Amino acid sequence: MKIRLLIMIMIVLTLGLTACGNNGNKKQNDAQTTAVNADPQKIYQNFCISCHGNQLQGGEGPNIQKVGERLTEAEIIKRIQKGGGGMPPFQVALKEEELKALATWLAGLK
Ligand code: HEC
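For clarity, every value in this text was computed on a predicted model and none was experimentally measured.

Scoring rules and cut-offs
Residues numbered from 1 in each chain as written. Predicted model: local features only at pLDDT ≥ 70, side-chain atom pairs only at ≥ 80, totals over all residues. Heavy atoms only, no water. Helix = DSSP H or I, 4+ residues; strand = E, 2+ residues; numbered from the N terminus. Buried < 20%, exposed > 50% of the residue type's maximum accessible area, 1.4 Å probe, protein only. Contact = heavy atoms within 4.5 Å. Areas by Shrake-Rupley, 256 points an atom, 1.4 Å probe, with all protein chains shown as cover. Axes fitted to C-alpha atoms, helices over the stretch in contact; angles between N-to-C directions. Parallel < 35°, antiparallel > 145°, perpendicular 65-115°, else oblique. Left-handed = near helix turned anticlockwise from the far one by under 90°. Nonpolar A, V, L, I, M, F, W, Y, C, P; charged D, E, K, R; others polar. Near = heavy atom within 4 Å. Polar contact = N/O pair within 3.5 Å; in protein donor to acceptor, adjacent residues only side chain to side chain. 1 Å grid on protein atoms, 1.4 Å probe; cavity = no way out; pocket = protein on both sides within 12 Å on 5 of 7 lines; lining within 4 Å. Sits in = over half its atoms within 2 Å of the grid points. Core = buried A, V, L, I, M, F, W, Y, C linked by side-chain atoms within 4.5 Å. Salt bridge = Lys/Arg side-chain N within 4 Å of Asp/Glu carboxyl O.

**Q** How do you make sense of the overall build of the chain when you look at a structure like this?
**A** Each helix and strand in the chain was counted, giving 6 helices and 0 strands. In the chain, the succession of helices and strands from N to C terminus is α-α-α-α-α-α. For the chain, buried positions account for 26% of its 110 residues. Contacts in the chain between residues far apart in sequence, at least 24 positions, make up 51% of those at least 6 positions apart. As displayed, the chain has an accessible area near 8,200 Å², and 60% of this comes from carbon and sulfur atoms.

Below, the structure written as structure tokens:
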């Protein structure tokens, strides 16, 4: 009788642990999806490439390959939000985390 009880407890424990493990995996997947959504290079391709070029080399807009030497992250955020001088504003089109990811990436280009 005692052995049966022990086996029961072990089964319950194993099931419990498996369930917890699955939950952990799910959370990790969700986090990865968010990261992909805010991939700055993808956002750039969607919104900026037409004027700043596929290599950031410029075209209708200026070359921004080394924009981090000229502008801080905060200045880049402001520029993307407000536009100006021929560049449209993206305040509405981009979510806050997309804007931030984009500006962080550009500010790091030196
Ligand atoms: C319709 C064309 C167009 C699009 C689309 C566009 N830009 Fe621009 N961008 C410009 C122009 C033109 C300027 C130069 C404005 C000026 O002389 O003040 C500029 C300037 C900039 C600057 C400042 C560069 C500097 O050296 O001062 C940054 C940074 C920038 N754009 C980033 C972006 C990003 C990021 C996107 C996408 C979210 C984007 N741009 C989309 C046309 C565009």
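**Q** What should I look at first to understand the packing of helix α5 (residues 73-82) against helix α6 (residues 96-107) in this one?
**A** The axes of two packed helices give the description: the angle between them and the distance between them. Contact geometry of α5 with α6 gives a least axis separation of 9 Å together with a crossing angle of 130 degrees. With respect to α6, the axis of α5 lies oblique. Two packed elements cross with a definite hand, and for α5 against α6 that hand is right-handed. Seen from α5, the contacting residues are Glu 73, Ile 76, Ile 77, Ile 80 and Gln 81; seen from α6, they are Leu 99, Lys 100, Leu 102, Ala 103, Thr 104, Leu 106 and Ala 107. Partitioning the contact of α5 with α6 into residue classes produces 8 nonpolar, 2 polar and 2 charged.

**Q** What's the story with the site of the ligand in this structure? I'm lost.
**A** In the region of the ligand, 22 residues are neighbours, and Cys 48, Cys 51, His 52, Arg 70 and Met 87 sit closest. In this structure, a nitrogen atom belonging to the ligand sits 2.7 Å away from a side-chain N or O atom of His 52. Arg 70 is positioned with one of its side-chain polar atoms (N or O) 2.5 Å from an oxygen atom of the ligand. Assessed atom by atom at 2 Å from the grid points, the ligand resides in the largest pocket. For the shell around the ligand, the secondary structure elements donating two or more residues are α3 (49-52), α4 (67-70), α5 and α6. Residue contributions to the shell around the ligand peak at 3 residues, all from α3.

**Q** I tried to follow the nonpolar core on my own but got confused; where do I start?
**A** Nonpolar side chains in soluble globular proteins generally cluster together in the buried interior. By size, the foremost hydrophobic cluster in this structure holds 19 residues, and its most contacted members are Ile 80, Leu 102 and Leu 106. The set of elements that each furnish at least two residues to this core consists of α2 (40-47), α5 and α6. For this core, the element with the most residues is α6, which contributes 6 residues. If we ignore the near neighbours within four places in the chain, the residues touching Leu 102 are Pro 40, Ile 43, Tyr 44, Cys 48, Ile 80 and Leu 94.

**Q** I would appreciate a short explanation of the pattern of salt bridges in the present structure.
**A** Think of it this way: side chains of opposite charge can pair up when their charged atoms draw near. One pass over the full model with this rule turns up 2 salt bridges. A salt bridge links Asp 39 to Lys 42; the shortest N-O distance between them is 4.0 Å. For Asp 39, a relative accessible area of 26% corresponds to the partly exposed category. Close ionic contact of Glu 73 with Lys 100 constitutes a salt bridge, the shortest N to O distance being 2.9 Å. Taken together, the residues span a long stretch of sequence, with Glu 73 in helix α5 and Lys 100 in helix α6 at a distance of 27 residues. Note on Glu 73: relative accessible area 25%, which makes it partly exposed. Lys 100 sits in the partly exposed class, given a relative accessible area of 44%.

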